[in-house]
Amino acid sequence: MSTDTPQPPAAPGSGLHRDTLAVRTASERSQYGEHSEALYLTSGYVQPSAAAAARRFAGDEEGFTYGRYGNPTVASFERRLAALEGAPACISTASGMSAILMLCLGLLKSGDHVLCSQSMFGSTIKLIGTDLAKFGVESSFVPQSDLRAWQAALRPQTQLLFAETPTNPLTEVCDIRALADLAHNAGALLCVDNCFATPALQRPLALGADIVMHSGTKYLDGQGRVMAGALCASEELVHKSFLPILKSGGMTLAPFNAWVVLKGLETLEIRMQAQSARALVLAQWLASHPCVTQVFYPGLPSHPQHALAMLQQSGCGGAVLSFEVKAANAEQARTRAFQVLDAMQLLSLCTNLGDTKTLVAHPASTSHGRLTEAQRSAAGVSQGLIRVAVGLEHLGDIQLDLDRGLSSF
Ligand SMILES: *Cc1c(COP(=O)(O)O)cnc(C)c1O
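How each quantity is defined
- Residues numbered from 1 in each chain as written.
- Predicted model: local features only at pLDDT ≥ 70, side-chain atom pairs only at ≥ 80, totals over all residues.
- Heavy atoms only, no water.
- Helix = DSSP H or I, 4+ residues; strand = E, 2+ residues; numbered from the N terminus.
- Rg over C-alpha atoms; globule rule 2.2 N^0.38 Å.
- Buried < 20%, exposed > 50% of the residue type's maximum accessible area, 1.4 Å probe, protein only.
- Contact = heavy atoms within 4.5 Å.
- Pairing = 2+ DSSP bridges.
- Axes fitted to C-alpha atoms, helices over the stretch in contact; angles between N-to-C directions.
- Domains from an automatic or database assignment.
- Buried area = accessible area lost by both parts, 1.4 Å probe.
- Salt bridge = Lys/Arg side-chain N within 4 Å of Asp/Glu carboxyl O.
- Parallel < 35°, antiparallel > 145°, perpendicular 65-115°, else oblique.
- Left-handed = near helix turned anticlockwise from the far one by under 90°.
- Expected span 1.5 Å × (residues − 1).
- Arc of directions from axis to C-beta.
- Nonpolar A, V, L, I, M, F, W, Y, C, P; charged D, E, K, R; others polar.

**Quick look at the overall build of the chain**
Turning to step 1, where the next piece is worked out: On a plain count of helices and strands, the chain comes out with 15 helices and 12 strands.
Turning to step 2, where the next piece is worked out: Computed over the C-alpha atoms, the radius of gyration of the chain is 22 Å, within 12% of the 22 Å expected from 2.2 N^0.38 for a compact globule of 409 residues.
Turning to step 3, where the next piece is worked out: Along the longest, intermediate and shortest principal axes, the C-alpha atoms of the chain span 75 × 50 × 35 Å.
Turning to step 4, where the next piece is worked out: Going through the 409 residues of the chain one by one, you find that 52% of them count as buried.
Turning to step 5, where the next piece is worked out: Within the chain, contacts between residues at least 6 apart in sequence are counted, and of these 72% link residues at least 24 apart.

In structure tokens form, the structure reads like this:
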């Protein structure tokens, strides 16, 4: 590599603002001086000598060895996300779920206990509560914002506390700093799923969390194109606990997907601000709509953890909200929710989120469809509940499309 190629800033200690790091942090430029970060599609790397190869494989020398272990484009994404989260290190994965799998395989063994919020993402509950149970890892699930319940469920074997804030679909918020204190007093680590808020709004490590988990599939990509995941943490956790799992487990992020998400990070801040601003106005409009009984959005003063959310999330409620349609009973609520969804001509009936296109979903029959009625009501997911992941369309067009069904009751 030519030494006179100007190089991107190394993030740690650079003194640069996060907005700058979001567009500038990356791996070194090649000798060609490409301005947009290069996409390296290669599964192997030519080694300069047999001795260097031996040192690199032994981890005694920096240098890429094999595509499953690392790639310069993937490293660019990891550096940039670490810079945004204020993390010493980051390791990426093929999806958000494989990041959680890496977290668990890296930190837990048979006999250990994991303590989670009961409002976690459905696949997270299945992975930790059912799949890991087969290997002797125990787990408990407690109400998201009930700190006493978290405290009471701690066991001597508790190694990991895992929370997601705000949650899907009811946007419940938990106190990251309080949970971090609880975890550390019990000799455990706290991991926060930062998928909904993203580092644009919330930086859990600064609040005391040990690990931040991401589904890059959502807002980091931001345009619904690729799957990606990541864990941000200390150098020690990343290199000693997680990297060995990546090497043997192979949940490697593909370079192309890393490149897409890397470029997504450049617009994360302005997307989150613009989508959250629309979500707030939409939430206020829905709250005053005669056919809506309740709106769940952390940016509204009526939200039970509004004050905490405003402190913890840079004064911003995020881009996801849910609301309940007015109905006499559960059956009518379901019929009316379906009516709203089927009347839409513009917005997407789609269970993903974090896209520039507004996505609308009926959690009770999709993401929470496999739960029993009792589990569903414990999760607060009623038949009349509709989730909106607000995109970048004009607000008036979003309102008009939702109102087609709502005004037909
Ligand atoms: C989507 C999602 C995940 C899982 O991520 P994938 O990339 O789909 O594997 C985890 N947590 C939350 C909050 C999510 O929304």
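**Let's talk about the sheet that holds strand 10 (residues 348-349)**
Turning to step 1, where the next piece is worked out: If you walk across this open sheet you meet the five strands as 8-9-12-11-10, and the pairing is mixed. Since the sheet does not close on itself, it has two edges, and those belong to strand 8 (292-296) and strand 10, each with one partner.
Turning to step 2, where the next piece is worked out: Relative to strand 12 (residues 385-389), strand 11 (residues 359-361) runs antiparallel, the two being bridged by three bridges. In the sheet register, alanine 361 faces strand 12, and the bridge partner there is arginine 387.
Turning to step 3, where the next piece is worked out: Strands in contact with helix 13 (residues 330-343) are strand 9 (320-325), strand 10, strand 11 and strand 12; relative to strand 9, the strand with the most contacts, it is inclined by about 130°.

**Focus on the domain arrangement of the chain**
Turning to step 1, where the next piece is worked out: Annotation of the chain at the domain level lists domain 1 (18-267) and domain 2 (268-406).
Turning to step 2, where the next piece is worked out: A straight line from the C-alpha centre of domain 1 to that of domain 2 covers 27 Å.
Turning to step 3, where the next piece is worked out: Counting from both sides, the interface comprises 37 residues of domain 1 and, opposite them, 37 residues of domain 2.
Turning to step 4, where the next piece is worked out: For the domain 1 and domain 2 pair, buried surface summed over both sides reaches about 2,900 Å², with 56% attributable to carbon and sulfur atoms.
Turning to step 5, where the next piece is worked out: For the interface between domain 1 and domain 2, the tally reads one salt bridge.
Turning to step 6, where the next piece is worked out: Here arginine 18 ties to glutamate 269 by a salt bridge, and the two come within 3.8 Å at their closest N and O atoms.

**Considering the packing of helix 13 against helix 15 (residues 395-406)**
Turning to step 1, where the next piece is worked out: Two numbers describe how helix 13 lies on helix 15: the axes approach to 7 Å, and their chain directions differ by 135°. On the basis of their axis angle, the class for helix 13 and helix 15 is oblique. At the point where helix 13 passes helix 15, the crossing takes the right-handed sense. On helix 15, the residues that touch Gln339, Val340 and Ala343 of helix 13 are Leu402, Arg404, Gly405 and Leu406.

**Side note on helix 15**
Turning to step 1, where the next piece is worked out: Over its 12 residues, helix 15 runs 16 Å from end to end, which matches the ideal 16 Å to within 8%, given 1.5 Å per residue.
Turning to step 2, where the next piece is worked out: Within the span of helix 15, buried status applies to Leu395, Ile398, Gln399, Asp401, Leu402, Gly405 and Leu406. Down the axis of helix 15, the buried side of the element spans an arc of 165°, and every buried residue falls inside it.
Turning to step 3, where the next piece is worked out: Against the buried residues of helix 15 lie helix 11 (268-287), strand 8, strand 9, helix 13, strand 11 and strand 12.

**Remarks on the packing of helix 3 (residues 72-85) against helix 10 (residues 255-265)**
Turning to step 1, where the next piece is worked out: Following both chains from N to C, one finds helix 3 and helix 10 inclined at 35°, their axes separated by 8 Å at the closest point. Here helix 3 runs over helix 10; the crossing is left-handed. For the pair helix 3 and helix 10, the contacting residues are Thr73, Val74, Ser76, Phe77, Arg80, Leu81 and Leu84 in the first and Pro255, Ala258, Trp259, Val261, Leu262 and Leu265 in the second.
Turning to step 2, where the next piece is worked out: Its residues assigned to classes, the contact of helix 3 with helix 10 shows 10 nonpolar, two polar and one charged.

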